[in-house]
Structure formats: structure tokens, C-alpha cells
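Listed below, chain by chain, are the residues.
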Amino acid sequence: MRYGQIRQFDIANGPGIRVSVFVTGCTHGCVNCFNVEYQRFDAGNVWTKKETQQVLTYLQNPAVKGLTLLGGEPMQNTEGLIPLVQAVKKFFPHKDIWVYSGFVYEQIIKDKEKKKLLSICDILVDGPFIDALKDPALYFRGSSNQRIIQITPSLEQGKITLLWPDGR
């Protein structure tokens with residue numbers, strides 16, 4: 001897996017202060033994507049144990065609410081992200097994990113590896129960014145087609161449970 005950046009303190013990609021990992025590689029090609037430079041799978045740096053340790057160190061800060069995974073496309077980086085999320089859950093079970101994906105929930109749960117990553121995260125912001133549906137007033141998402149989904153209740157109940165049904 002490769003990554004573009006790790007933000008120690010991020011307030012734009014989920015509630016509270018968060019650690020954010022931006023992976024690289026994405027095939028969605030959303031028009032006016034805010035991270036075009038992270039679409040290439042060869043962009044950024046190779047993820048190593050050093051970066052995992054850096055994330056775990058950042059999460060030790062009691063002011064940090066959780067971890068956010070975005071990119072690029074996290075669901076196209078499951079092999080590298082699953083061990084990271086498992087380590088975070090082991091050492092910080094009280095911190096929540098958000099994952100952003102251009103895939104929709106219904107696509108993710110049909111793919112074994114994507115669903116494996118999904119099932120160990122807490123919140124999914126799903127769907128591609130659609131420039132024509134851009135709405136800066138929405139919480140933690142760029143366009144109105146995207147949903148903020150509570151993963152555990154959605155998987156358990158077999159139907160999508162939204163965090164903020166009205167998106168605000």
C-alpha cells in the first residue's frame with residue numbers, strides 16, 4: 001500500500017480531532033476530485049511498520065477522537081488497511097474509525113475484502129463525489145448523493161442506518 005499523507009490533527013474528515021490517513025490509488029476518476037494527486041497507485045510513499053507506529057502514537061493523544069481513512073480509495077487498499085485498523089482497534093477500542101469510499105455500501109458488502117475492511121470500521125461515507133450535487137453545507141461529505149452510514153447497525157439489521165438522516 002502507498003499513502004499520500006498522514007495528518008496528525010484533522011478536523012475536516014469526521015467529528016472532533018482525528019488522525020487521517022490518505023492512501024493513494026483510485027479508479028473512480030470523480031470530476032473535480034479534491035485529491036486528484038492521490039488517484040495514481042504509484043503516488044506517495046510505501047506504507048511500512050514505521051507509519052503504522054506513527055498512527056498509533058498520534059492516536060495516544062486523548063484529544064484525538066478517532067481515525068479517518070480516505071484517499072485515494074481505501075476500498076482499493078484493503079490489504080494494507082485491514083492490519084492498520086486491526087492494530088488501532090486492539091490498542092484504542094474506544095476510538096472510532098471512519099472510512100470514505102467512492103463505492104456505495106451495497107457494492108462494498110458484495111466484495112469479501114472490502115466487506116472485511118468495512119466490518120472493522122465504525123462509519124462509512126459512501127458514494128462517488130458528484131460535482132453537480134456538491135453541497136458545502138453537508139456534514140463531512142462533498143455531494144448530496146453521499147451517505148454517512150453507521151456500519152455495525154447496518155450490517156446487523158441488513159438495512160442502512162444513517163448517522164445524520166438529513167445530512168446536516
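Residues numbered from 1 in each chain as written. Predicted model: local features only at pLDDT ≥ 70, side-chain atom pairs only at ≥ 80, totals over all residues. Heavy atoms only, no water.

- In the annotation of an unreviewed UniProt entry, the entry for the protein reads Anaerobic ribonucleoside-triphosphate reductase-activating protein, and the organism field reads Megasphaera hutchinsoni.
- Of the comments in the UniProt record for the protein, the one headed Function (unreviewed entry) reads "Activation of anaerobic ribonucleoside-triphosphate reductase under anaerobic conditions by generation of an organic free radical, using S-adenosylmethionine and reduced flavodoxin as cosubstrates to produce 5'-deoxy-adenosine."
- Under the heading Catalytic activity (unreviewed entry), UniProt records this for the protein: "glycyl-[protein] + reduced [flavodoxin] + S-adenosyl-L-methionine = glycin-2-yl radical-[protein] + semiquinone [flavodoxin] + 5'-deoxyadenosine + L-methionine + H(+)". (UniProt positions renumbered as here; feature names shortened; annotations may be inferred.)

1. What to know about the sheet that holds strand E6 (residues 123-126)
Alright, step 1. Strands sit in the order E3-E1-E2-E4-E5-E6-E7 across an open sheet of seven strands; the sheet is mixed. Looking at the sheet topology across the chains shown, the edges are occupied by strand E3 (45-46) and strand E7 (147-150).
Alright, step 2. Two strands pair when backbone bridges link them, and E6 and E7 are joined in this way by four bridges, in the antiparallel orientation. The residue bridging Val 125 from the neighbouring strand is Ile 148, located in E7.
Alright, step 3. Together, strand E2 (17-23), strand E4 (64-71) and strand E5 (96-100) form the strand contacts of helix H2 (residues 78-91), whose direction differs from that of E4 by roughly 175 degrees. (Pairing = 2+ DSSP bridges. Helix = DSSP H or I, 4+ residues; strand = E, 2+ residues; numbered from the N terminus. Contact = heavy atoms within 4.5 Å. Axes fitted to C-alpha atoms, helices over the stretch in contact; angles between N-to-C directions.)

2. Concerning the packing of aromatic side chains
Alright, step 1. The final tally for this structure, using the stated rule, is five aromatic pairs.
Alright, step 2. Look at Tyr 3 and Trp 47: their rings are 5.2 Å apart centre to centre, the planes differ by 85 degrees, and that puts the pair in the edge-to-face class. Of this pair, Tyr 3 sits in strand E1 (residues 2-10) while Trp 47 sits in the loop between E3 and helix H1 (49-59), and the two are 44 residues apart along the sequence. A single burial state applies to Tyr 3 and to Trp 47, both of which are buried.
Alright, step 3. Chaining the aromatic ring pairs together yields one cluster made of Trp 98, Tyr 100, Tyr 139 and Phe 140.
Alright, step 4. One cation-aromatic arrangement involves Lys 114 over Phe 103; the distance from NZ or CZ to the ring centre is 4.8 Å. (Phe/Tyr/Trp six-rings, centres within 6.5 Å; stacked < 30°, edge-to-face > 60°. Buried < 20%, exposed > 50% of the residue type's maximum accessible area, 1.4 Å probe, protein only. Lys NZ or Arg CZ within 6 Å of the ring centre and 35° of its normal.)

3. Focus on the packing of H2 against helix H4 (residues 112-119)
Alright, step 1. Their axes nearest at 10 Å, the elements H2 and H4 cross at an angle of 25 degrees. With respect to H4, the element H2 is oriented roughly parallel. For H2 against H4, the interelement crossing comes out left-handed. Together, Thr 78, Leu 81, Ile 82 and Val 85 of H2 and Glu 113, Lys 114, Lys 116 and Leu 117 of H4 make up the contact between the two elements.
Alright, step 2. Of the residues that constitute the contact of H2 with H4, the class distribution is four nonpolar, one polar and three charged. (Parallel < 35°, antiparallel > 145°, perpendicular 65-115°, else oblique. Left-handed = near helix turned anticlockwise from the far one by under 90°. Nonpolar A, V, L, I, M, F, W, Y, C, P; charged D, E, K, R; others polar.)

4. Details of the nonpolar core
Alright, step 1. Val 55, Leu 67 and Leu 69 are the most contacted members of the largest nonpolar core, which has 32 residues in total.
Alright, step 2. Listed by contribution, the elements that provide at least two residues to this core are E1, E2, H1, E4, H2, E5, helix H3 (105-108) and H4.
Alright, step 3. For this core, the element with the most residues is H2, which contributes six residues.
Alright, step 4. With residues up to four places along the chain from it excluded, the contact list for Leu 67 reads Arg 18, Val 19, Val 21, Val 55, Leu 59, Val 88, Asp 96, Ile 97 and Trp 98. (Core = buried A, V, L, I, M, F, W, Y, C linked by side-chain atoms within 4.5 Å.)

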